[in-house]
Structure formats: C-alpha cells, structure tokens
Amino acid sequence: MDGTDCPVLEGSKNTNSGVGCYSEGRAMSYQILILLAMLTLGLAISQRRDQVPCRTVNKEALCHGLSLLQVPSVLSLDIQALYLSGNRLQSILVSPLSFYTALRHLDLSDNEISFLQPGVFQALPYLEHLNLAHNRLAAGMALNSGGLGRLPLVVSLDLSGNSLHGSLVERLLGEAPRLRTLSLAENSLTRLARHTFWGMPAMEQLDLHSNVLMDIEDGAFEALPQLTHLNLSRNSLTCISDFSLQQLQVLDLSCNSIETFQTAPESQAQFQLAWLDLRENKLLHFPDLAMFPRLIYLNVSNNLIQLPTGLPQDSEDLHAPSEGWSASLLSNPSRNASIHPLSQLLNLDLSYNEIELVPAGFLEHLTSLRFLNLSRNCLRSFEARRAGSLPCLVLLDLSHNVLEALELGTKVLGSLKTLLLQDNTLRELPPYTFAGLASLQRLNLQGNQVSPCGGQAEPGPPGCVDFSGIPTLHFLNMAGNSMETLRAGSFLHTPLTELDLSANPGLDVATGALVGLEASLEVLELQGNGLVVLRVDLPCFRRLKRLNLAENRLSHLPAWTRAVSLEVLDLRNNSFSLLPGNAMGGLETSLRRLYLQGNPLSCCGNGWLAAQLHQGRVDVDATQDLICRFGSQEEVSLSLVRPEDCEKGGLKNVNLIIILSFTLVSAIVLTTLATCCFLRRQKLSQQYKA
C-alpha cells in the first residue's frame with residue numbers, strides 16, 4: 001500500500017515537474033527572442049545613425065559639404081574615389097578608412113584635420129591622388145611624428161593652405177617614388193632645405209606660391225631630375241643667382257622682390273626653359289637670358305627696367321647685368337639668327353617699367369615675336385625702319401606713354417594686325433605712317449593730337465595723317481584728338497567697320513567725310529562733338545548697327561524711309577523735341593534700343609515714340625525718366641501720355657481759334673457799322689445846315 005502510494009505520488013510529482021520545466025523554457029525563449037530583437041533593433045539604429053546622404057556614382061562616393069565629423073563606414077567597399085571636402089573632420093583614423101581598400105582618389109580638403117593616425121594611408125594600397133589642402137595639419141604635427149608615411153603609388157599630393165613651415169614639411173613628407181605633382185602653396189615656408197624633397201625622384205610639377213620663402217638652399221631641387229614646372233610666385237625672394245635647372249620648362253617668379261636674375265656660368269648648359277614670369281619684381285635691368293634659346297613666353301612687366309642705350313666699352317663686361325641680353329645680342333650680329341637669344345620668343349611683356357628708349361637692335365632678332373607690350377612706360381619715340389623688322393608681330397601695344405614720334409619704314413611689321421597708340425602725345429606724323437602696314441586691322445589713336453588729311457582733292461594741313469587707301473583696316477579710334485575738321489573722303493577706300501570720332505568738341509564733319517563707308521560701317525561713334533547739323537546721309541549706311549550721337553546739339557535726323565540694320569541709337573543730351581514717324585519708320589524692323597534722356601521732347605507729335613513705349617517693340621532706355629512737355633505746361637512722363645490727351649489739347653486749340661475769329665469778325669462788323677452811321681449822320685447834318 002505504501003508502495004502503491006509512493007509511485008502514484010511520485011508519478012504525480014513527476015508530472016507536475018515536467019509542466020514547470022516547459023513553462024520555464026518558454027519564458028526563456030521569449031526572453032532570448034526579445035533580446036535578439038533588441039539587438040537587431042539597436043544594430044539597425046546604429047547603422048541608421050551611421051548612414052549619411054552620400055551619393056555614389058560610378059564607384060565615386062560624393063560626400064562633400066555634409067558637415068560630417070568622421071569618415072562614414074557604411075559606403076560601398078569597392079568605391080575608388082571618396083570626396084569628403086567641406087566637412088568638419090578633425091582626425092583621420094585607420095578605421096573606418098581602411099575598409100575602402102580599392103580607393104585611388106581621396107579628397108579631404110577644406111576640413112579641420114589636425115591628426116593623422118600613423119599608417120592611415122598605408123592601409124590604402126592603390127591610392128594615387130591625395131588632397132589634404134586647407135586643413136590644420138600644422139596644429140597637430142607636434143603630436144604626430146609619423147607624417148604621411150610611405151606613399152608608393154601616389155602621383156599627386158596637395159598640402160596647400162595648412163600653415164606649414166620648413167621643419168613640419170620635412171617631417172610630413174615621406175617616400176613617394178611615383179609622385180609627379182606636389183602643392184605646398186599658401187603655407188608659411190621661409191626656407192627650403194637641401195633634403196626637403198628627397199624620396200620624390202619622379203616629381204614633375206612643384207607649386208610653392210604664396211609662402212614667405214627668402215632662402216633656397218643650394219641643391220634643394222637636385223633630387224628632382226624630372227622637374228619641369230616650378231611655381232615660386234608670391235614669396236619674398238630677392239635674387240636668383242646661378243640658376244641651373246636645365247630640365248625646367250615653366251618657371252613662375254612673379255610677385256617677389258627680385259632685383260637680379262642670373263644663370264650659372266656653365267657655358268655648355270642646354271636649358272629647356274620655355275615660360276618665364278618675372279612680373280611685379282624689382283628688376284632694374286633686362287635679365288640676361290642668353291642661355292634660354294627655347295624661351296617662348298617672357299613677362300617682365302611691373303618692374304623698374306631701363307633698357308641699355310648702347311654697348312659696354314669693355315668687352316669683359318659684355319654680360320654685365322646693366323647690359324644683359326641686349327649687349328650679348330648686339331655684340332655678334334654675324335651669328336646665325338636661329339641661335340640668337342630669344343629667337344623663338346612669341347610673347348614679350350615689358351609694360352609698367354621705366355623704359356625711355358628702345359635701342360636700335362634690341363628687337364631686331366626677335367624674328368618669331370607675335371605679341372609685344374610696351375605700354376605704360378616713358379617712351380618718347382618708337383621706330384621700326386629696317387625692312388623685315390619683327391616679321392611675325394601681330395599685336396604691338398605702345399599705349400600710355402609720352403610718344404611724340406613714330407617712325408615706321410616700308411615693308412616693316414608685315415604681320416601686324418593690332419596697333420595700340422592711345423593716350424600718347426602724337427601730333428605731327430608722316431602722312432603715310434600707317435599705309436605701309438600691310439596687315440593692319442585695328443588702330444587705336446584715342447587721346448592724341450592726330451588729324452586726318454582727307455581726300456586727294458582737298459589736301460589736309462601739315463602734319464596730317466592719311467587714312468584713305470588702307471584696304472585691311474577695319475577698326476579706327478580717333479576719339480579725343482582735338483580734331484577741328486573731318487574733310488571729305490577722309491576714309492575713302494578704307495573699309496572700316498568701326499569708327500570712333502567722339503570727344504572732339506567743335507568738330508566740323510564736312511559733306512562726304514564718310515563717303516566710301518556706306519557698305520562696310522557697322523559702328524559709328526560721334527558722341528560729345530557739339531554737332532548742330534549732321535551732314536551725313538545715315539540711311540545710306542545699310543550695315544550700320546550702332547550709332548552714338550549723344551552729347552551734341554542735334555534737333556533733326558535724316559528720314560529712314562526704308563528698312564536698315566540699325567539696332568542701337570543713342571540720342572541722349574541733344575535738342576530733339578520730335579521724332580516723327582515718317583523719319584523713323586524704317587527703323588521699326590531693326591531697332592532694339594533707343595536712348596533719349598536729356599532731350600526737350602514734346603508730348604504731342606511723338607506718336608511714333610509713344611507707340612514704341614506702349615507696344616514694347618523698342619527698348620527705350622530709362623523710360624521712367626523720359627519726360628515731355630505739353631506746350632508751356634509742366635513736364636510729365638512720356639509713358640503716361642495717351643493719344644486722347646493730345647486730341648483734347650487740339651480740340652481746345654480749335655475752339656479757341658473759332659472764338660477768337662468770331663470775336664475779330666464781330667469787332668470788324670461793329671466798327672464798320674459805327675463808321676457808316678457816323679458818316680451818314682455827318683452828311684445829314686451838313687444838308688440841314690444848308
């Protein structure tokens with residue numbers, strides 16, 4: 001009995017124990033599921049937080065300008081370019097950057113980076129282009145002695161704008177055997193040490209502009225045998241001596257304080273320099289460039305240069321800085337022209353110097369020169385008289401000097417197309433000064449005292465210049481030349497397209513002065529001449545597109561009765577009261593802009609003008625200020641005048657005339673009747689007395 005009870009009790013006991021284990025197992029499963037769900041949710045939230053709105057296009061991740069604080073870790077692992085410029089990054093760590101092992105291009109510019117974890121870029125085995133410009137690398141370099149480390153495949157590196165000084169650069173730069181382009185611009189470098197660029201034998205382009213460089217140690221560029229482009233502009237260099245970079249092709253030394261530029265005394269050196277910029281320095285003399293036969297571009301503007309006036313007396317001083325290239329050039333005129341210094345030069349800029357005279361022979365051997373700028377110097381004369389001089393010159397700028405004489409021989413400057421002579425003191429020139437320039441297209445004489453001769457039938461005054469018969473000339477500016485008379489036929493057989501005769505107060509434009517230009521002229525400037533009558537048959541100039549008659553005293557225009565090409569008409573500050581439709585009708589199809597301010601316009605009788613304002617077919621400039629008058633009444637805006645306003649004014653005038661006429665007739669009738677009555681009464685009185 002006891003045994004029977006025990007099994008039962010045990011059985012009951014066992015059954016209850018199984019149910020309890022099952023319940024506890026289910027509770028634990030739920031807890032695990034909840035925990036997994038929470039972990040999944042947390043991971044999702046974490047990933048969601050780590051996600052950034054970068055765009056990926058063709059394996060390029062575009063993450064610039066997103067205010068990121070760290071490198072994103074959720075980008076596609078196969079991206080080859082990562083653009084992170086314009087964010088708020090402060091540190092670059094191996095993780096997560098090392099996730100993207102396929103990176104070739106990494107842009108970290110314009111951030112706040114001051115810390116680079118050692119080896120961070122070695123984790124990117126295919127990196128070729130690295131941009132760290134405009135960060136704060138100088139602030140953290142004291143704490144980071146590892147620098148950039150070895151960059152085995154990097155070909156371009158930008159470290160500009162990081163306030164780096166010499167010792168920091170030396171610590172930052174490591175071995176980069178394939179580096180071709182390096183920028184250290186806009187930093188705080190004051191000196192380049194000899195070993196600064198060791199480990200970069202393949203470098204071709206080095207940019208050091210906008211530093212404070214005052215000293216370059218001898219041999220600083222010896223480790224760069226492939227260097228072809230060197231930018232040292234905007235530094236504090238005072239001289240260049242023993243220049244020996246034979247492989248260099250482009251050298252920018254502008255905006256320094258350089259007083260002398262001298263090459264190394266190696267006579268057998270084969271320099272490759274083709275582009276040299278020395279503008280905005282303190283050069284007192286033209287540099288000695290005899291060792292640069294390949295030079296094609298030379299800019300020495302904004303210096304203190306005075307050209308030599310003759311050869312040195314002592315042959316030992318032939319290459320003295322005061323004479324330089326000019327002396328060495330003139331010393332052996334029998335040499336073949338192909339080996340002369342600067343015989344391949346195409347562009348020479350000597351503007352903004354103190355040149356008073358260009359010595360004979362100075363330009364003689366520049367047989368390839370195409371552009372010569374001598375503006376803003378102290379030149380009093382310029383001559384090119386030898387046949388064949390400057391045969392390839394296309395542009396010659398002699399503007400803003402004090403030129404009084406200009407002597408151009410025959411068969412000189414055969415390729416010259418543009419000659420700029422504005423703002424000089426040219427007065428009396430040989431009459432055929434410009435006739436011998438076979439290719440001349442543009443001539444600017446503004447601000448001189450030159451007067452055209454006119455046609456052959458009416459010879460001009462002594463010292464005048466003949467502008468007729470120049471078949472290539474298209475642009476001529478003679479504004480501000482104090483011309484008194486423009487004679488008939490002044491430009492005959494010269495197919496000008498643009499002619500500026502403005503700012504010649506009192507100019508008398510003779511009938512036929514512009515004859516011969518009817519088929520070519522497109523722009524005519526006659527502003528500020530005080531013209532009262534315009535003796536030019538303007539409607540005959542069928543290609544004229546722009547006509548400036550402002551600042552004169554004109555009150556009438558010729559009638560454009562047929563369609564022409566005129567697009568812009570400037571009549572400001574004249575004496576026009578009416579622009580009748582029968583005179584302006586031919587302009588309606590072409591005219592686009594009309595300037596009329598400063599004229600005493602009548603409100604009535606300008607129906608054509610009012611129609612243009614209301615219909616908008618012609619843009620009348622500053623219509624808000626365009627005013628007119630109703631007789632002697634106050635001024636009103638022309639745009640507010642309606643046709644009925646003028647009709648009412650006309651009806652009032654007619655009524656006034658009728659009233660005045662009726663009054664006059666009535667007065668005459670009454671006077672006649674009174675006279676008759678008086679005479680009749682006088683006659684009757686005489687008869688009565690008799």
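Values in this document were obtained by computation on a predicted structure and should not be read as measured data.

### What to know about the pattern of salt bridges
Stage number 1. Overall, the coordinates contain 15 salt bridges when judged by the stated rule.
Stage number 2. Notably, a salt bridge pairs E383 with R385, separated by 3.3 Å at the nearest N-O pair.
Stage number 3. For R385, a relative accessible area of 51% translates into the label exposed.
Stage number 4. Taking the shortest distance from any N to any O, the salt bridge between R593 and D619 comes out at 2.6 Å. Linking R593 in strand β33 (residues 593–595) with D619 in strand β35 (residues 619–620), this pair joins segments that are 26 residues apart in sequence.
Stage number 5. Accessibility expressed as a relative area gives 31% for R593, which makes it partly exposed.

### Quick notes on the side chain of T418
Stage number 1. Locating T418 in the fold gives a position in strand β24 (residues 418–420).
Stage number 2. Every residue in contact with T418, bar those within four places of it in the chain, is listed here: V394, L395, L396, L440 and R442.

### Concerning the pairing of strand β16 (residues 260–263)
Stage number 1. Alternating positions in β16 separate cleanly, F261 and T263 being buried on one face and T260 and Q262 remaining unburied on the opposite face.
Stage number 2. Pairing geometry for strand β14 (residues 239–243) and β16, over 3 bridges, is parallel. Following the sheet pairing, C239 is matched in β16 by T260.

### Re the sheet that holds strand β37 (residues 635–637)
Stage number 1. The 3 strands lie next to each other as β34-β36-β37, forming an open sheet whose pairing is mixed. Here the strands that pair on one side only, and so sit at the sheet edges, are β34 (601–602) and β37.
Stage number 2. Judged from the 2 bridges that link them, β34 and strand β36 (residues 627–629) form a sheet pairing that is parallel. Within the sheet, the bridge partner assigned to S602 lies in β36 and is R629.

### A few points about helix α7 (residues 607–615)
Stage number 1. If you check which residues of α7 are buried, you get W608, L609, A610 and Q612.
Stage number 2. The secondary structure elements touched by the buried residues of α7 are α6 (581–584), β33, β34 and β35.
Stage number 3. Residue G616 follows α7 closely and has a positive phi angle near 70°.

### Looking at a nonpolar patch on the surface
Stage number 1. Among the surface-exposed residues, V669, L670 and L673 lie close enough to one another that they form a single nonpolar patch of about 290 Å² accessible area.
Stage number 2. You can see L673 is positioned in helix α8 (residues 643–689).
Stage number 3. Residue L673 is classed as partly exposed on the basis of its relative accessible area of 48%.

### Section: the nonpolar core
Stage number 1. Among the nonpolar cores identified, the biggest contains 164 residues, and L82, F121, F197, F434 and L594 are the most heavily contacted of them.
Stage number 2. If you list the elements that add at least two residues to this core, you get α4 (166–172), β14, β21 (381–384), β23 (405–408) and α7.
Stage number 3. If one sorts the elements of this core by residue count, α4 sits on top with 3 residues.
Stage number 4. With sequence-adjacent residues up to four places away left out, F434 is seen in contact with L406, L419, L421, L429, L440, L443, L445, V465, F467 and I470.

### Quick look at the confidence of the model for the protein chain
Stage number 1. In the predicted model, the protein chain carries a mean pLDDT of 84, and the fraction of residues at 70 or more is 81%.
Stage number 2. Here residues 1–23 is a poorly scored stretch, pLDDT under 50, and it has 2 contacts once near neighbours within four places are set aside; other chains count.
Stage number 3. Long-range and interchain partners of residues 650–658, a stretch whose pLDDT sits below 50, account for 0 contacts in this model, where long-range means more than four residues apart.

### Description of unusual backbone geometry
Stage number 1. In this chain, S95 is followed by P96 through a cis amide linkage whose omega measures 15°.
Stage number 2. With respect to the helices and strands, P96 occurs in helix α2 (residues 94–97).
Stage number 3. The phi torsion at S210 lies on the positive side, around 60°, for a residue other than glycine.
Stage number 4. Positive phi, close to 55°, is recorded for N573, a residue that is not glycine.

Here is what the cut-offs are and how they apply
Here the residue numbering is sequential within each chain, running from 1 through the sequence in written order. With the structure being a predicted model, the display of local features is reserved for residues of pLDDT at least 70 and the display and counting of side-chain atom pairs for 80 or more, all residues being used for whole-chain, interface and lining totals. Remark: hydrogens and water are excluded; side-chain values derive from all non-hydrogen atoms of the structure. In the sections that follow, a salt bridge refers to a side-chain nitrogen of Lys or Arg positioned within 4 Å of a carboxyl oxygen of Asp or Glu. Exposure classes here rest on a 1.4 Å probe applied to the protein chains alone. A residue is buried below 20% of its type maximum, exposed above 50%, and partly exposed in between. Strands here are runs of E lasting at least two residues and helices are runs of H or I lasting at least four, both read from the DSSP assignment and numbered beginning at the N terminus. We call two residues contacting when some pair of their heavy atoms lies within 4.5 Å. Two strands are said to pair when DSSP picks up at least two bridges between them. Residues enter a patch when their relative accessible area is above 30% and they make no salt bridge; the linking distance is 9 Å between like charges and 5 Å between nonpolar side chains (Val, Leu, Ile, Met, Phe, Trp, Tyr). All accessible areas in this document rest on Shrake-Rupley with a 1.4 Å probe, and a residue is counted as covered only by the protein chains that are shown. Residue types Ala, Val, Leu, Ile, Met, Phe, Trp, Tyr and Cys, when buried and joined through side-chain atoms within 4.5 Å, form a set referred to as a nonpolar core. Values of pLDDT, which run from 0 to 100, indicate the predictor's confidence residue by residue.

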